[in-house]
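# Summary of structural features
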Amino acid sequence: MDKHTHHHEGGSSCHELLEGLSLYLDGDAEESLCREIEYHMKDCENCRVVVNTLAKTVELYHEHGKTQMPQEAKQRLFIALDLGDYMSSSE
Amino acid sequence: MTEHPTTAEQIDLDRLRSGDKAAFAQVVELYADRLYNLALKVSGDPFEAEDILQEAFISAYKNISRFEGRSNVGTWLYRITYNTALMRQRKKQPDTVSIDEPVQIDSGDMLPRQFFDWCCIPEKDLLTGEAIEYMGEAIQLLPESLKPVFILRDIEGLSTAEVGDTLDISTAAVKSRLHRARLFLRERLSEYFAERAAA
């Protein structure tokens, strides 16, 4: 956007719309902002890429960003907390 | 042996507050994975994450009688775990930036510079083991003021209000920091996928 910031006729610049993109992706943006972003993206390829890859970034981290605690670490935790007698039967 | 706890709503707060060990064990079972994920991503070290978790749960157990129930147990535990991680980090690196300090990022740093379109690459090609590892490394590059907001909101799935409650910052600050964190990570992933495509 630094190299292609521009105003579309009657619309907002890429830079102006950038701030509202997370609200837009989270469904928290006002309808007028949604319309502006969608109108802008129609003929701004870079903004379209930014919106799509931003959404994909959020999705990837949500679906694949968690790290499960290793079972051995969980066992050590229960023992350290003096809860060894209460470990669930799966462990 | 205990039954698997299922939801936060099933936790017996009265038993918990009275110091009942079985009730506490259920809480540990229910939240250990989620809190470990936070501790690991904040510290970037699995051994440190274990120590953070032990210390946080010990602190929670000691202070359980003071839990007022205004927030839910999960939010309360996330807060204790994050504060424990931060305190340990400050002991090791006294110049660590606090979550409540202003975000020291030039707005120019958040402007997108990568326009490689990787969003529609099929996930089986996109998500190699190396890519998942890189995603973890990219989180470690996040400024400290943005990292916990992103972990709690986008990875752990807490609501904006819960994140604000956990970190003791306003919902406006949560939204603003979350957006900056997302832009930052999008940029890192775009660099990574562009480089990989060019190789």
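Anything mentioned here points back to the structure above.
Before going into details, it helps to say that this report is about the structure given with it.

Calculation criteria
Residues numbered from 1 in each chain as written. Chains lettered and ligands numbered in written order. Predicted model: local features only at pLDDT ≥ 70, side-chain atom pairs only at ≥ 80, totals over all residues. Heavy atoms only, no water. Helix = DSSP H or I, 4+ residues; strand = E, 2+ residues; numbered from the N terminus. Expected span 1.5 Å × (residues − 1). Contact = heavy atoms within 4.5 Å. Disulfide = S-S within 2.5 Å. Salt bridge = Lys/Arg side-chain N within 4 Å of Asp/Glu carboxyl O. Buried area = accessible area lost by both parts, 1.4 Å probe. Polar contact = N/O pair within 3.5 Å; in protein donor to acceptor, adjacent residues only side chain to side chain. Core = buried A, V, L, I, M, F, W, Y, C linked by side-chain atoms within 4.5 Å. Buried < 20%, exposed > 50% of the residue type's maximum accessible area, 1.4 Å probe, protein only. Domains from an automatic or database assignment.

### Remarks on helix α6 (residues 129–141) of chain B
- With 13 residues, α6 of chain B extends 19 Å between its outermost C-alpha atoms, agreeing within 8% with the 18 Å of an ideal straight helix rising 1.5 Å per residue.
- In this structure, the buried residues of α6 of chain B make contact with α4 (45–64) of chain A together with α2 (21–43), α5 (123–126), α7 (147–155) and α9 (171–198) of chain B.

### Regarding the state of the cysteines
- Overall, the coordinates contain zero disulfides over all chains when judged by the stated rule.
- Here C44 of chain A is not cross-linked by a disulfide; its sulfur's nearest cysteine counterpart is in C47 of chain A, at 3.6 Å.

### Thoughts on the pattern of salt bridges
Residue and element names in this part refer to chain B.
- Tallied over the full model, the rule gives 21 salt bridges over all chains.
- Here R186 makes a salt bridge to E187, at a shortest N to O gap of 2.8 Å.
- Ionic contacts of the salt-bridge type, sharing partners, join the residues E48, D51, E55, R88 and K92 into one network.

### Some words on the interface of chain B and chain A
- Each partner contributes to the interface: chain B provides 50 residues, whereas chain A provides 47 residues.
- For the pair chain B and chain A, the summed buried surface comes to about 4600 Å²; carbon and sulfur atoms form 63% of the total.
- Viewed at the interface, chain A and chain B are joined by six salt bridges.
- Ionic pairing is found between D82 of chain A and K21 of chain B, a salt bridge with its closest N-O pair at 3.0 Å.
- Counting across the interface, chain B meets chain A through 18 residue pairs in polar contact (both at pLDDT 80 or more).

### A closer look at the nonpolar core
- Of all hydrophobic cores here, the largest spans 87 residues; its most connected members are Y61 of chain A together with F57, L77 and F150 of chain B.
- The biggest single contributor to this core is α2 of chain B, with 14 residues.
- Mapping this core onto the domain boundaries places at least three of its residues in each of domain 1 (8–92) and domain 2 (107–198) of chain B.
- When neighbours within four sequence positions are excluded, F150 of chain B is seen to be in contact with Y61 of chain A together with I139, L142, I155, L178, A181, R182 and L185 of chain B.

### Section: α7 of chain B
Residue and element names in this part refer to chain B.
- Burial analysis of α7 places nine of its nine residues in the buried class, the great majority of the element.
- Taken together, the buried positions of α7 are K147, P148, V149, F150, I151, L152, R153, D154 and I155.
- Downstream of α7 by one or two residues, G157 has phi in the positive range, about 80 degrees.

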